[in-house]
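Spelled out, the chains give:
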Amino acid sequence: MSQSRRQFLKYSLAITSGSLLHAPFIHGAAQRKVVIIGGGIGGATAAKYLKIMDPSIDVTLIEPKTIYTTCFMTNEFLAGERSFDSVQFDYKALQNR
């Protein structure tokens, strides 16, 4: 019998949800963890505000680059009002916040 992708996902979700309902002690004992893949503007912002909203959440940001270039100030760079270095930031500042 062949299944559609939608049926497979529906059954998988039902099985997973049912198994989690029988283990409420796991939810209370485990620390909440969030992994964000991609540290661009969206990923970095999500990581920052998740930690601000609930400092008990363990937030991990996965990004291969050590420096990101912000898109908010690139028009100033293009107009010659900023240097390229001034629109680049490292993740240490985000981590310290």
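For the structure itself, look to the data block above.
Our subject in this report is the structure included herewith. (Residues numbered from 1 in each chain as written. Predicted model: local features only at pLDDT ≥ 70, side-chain atom pairs only at ≥ 80, totals over all residues. Heavy atoms only, no water.)

1. Concerning the pairing of strand S2 (residues 58-62)
So, step 1. Alignment of strand S1 (residues 33-37) against S2, held across five bridges, turns out to be parallel. When the bridges of S2 are listed, Val34 appears paired with Val59.
So, step 2. At this point the chain moves from S1, through helix H3 (residues 41-53), to the parallel S2, and the crossover so formed is right-handed. (Pairing = 2+ DSSP bridges. Helix = DSSP H or I, 4+ residues; strand = E, 2+ residues; numbered from the N terminus. Right-handed = clockwise from strand over helix to strand, strands pointing away.)

2. Brief notes about H3
So, step 1. Its 13 residues place the ends of H3 18 Å apart at the C-alpha level, agreeing with the 18 Å of an ideal helix rising 1.5 Å per residue.
So, step 2. Turning to H3, its buried residues are Gly43, Ala44 and Ala47. In an axial view of H3, the angular spread of the buried residues amounts to 100°, which keeps them on one side of the axis. Facing away from the buried side of H3, by more than 90 degrees, are the exposed residues Gly42, Ile52 and Met53.
So, step 3. Where H3 is buried, its residues touch S1, S2 and helix H5 (91-96). (Expected span 1.5 Å × (residues − 1). Buried < 20%, exposed > 50% of the residue type's maximum accessible area, 1.4 Å probe, protein only. Arc of directions from axis to C-beta. Contact = heavy atoms within 4.5 Å.)

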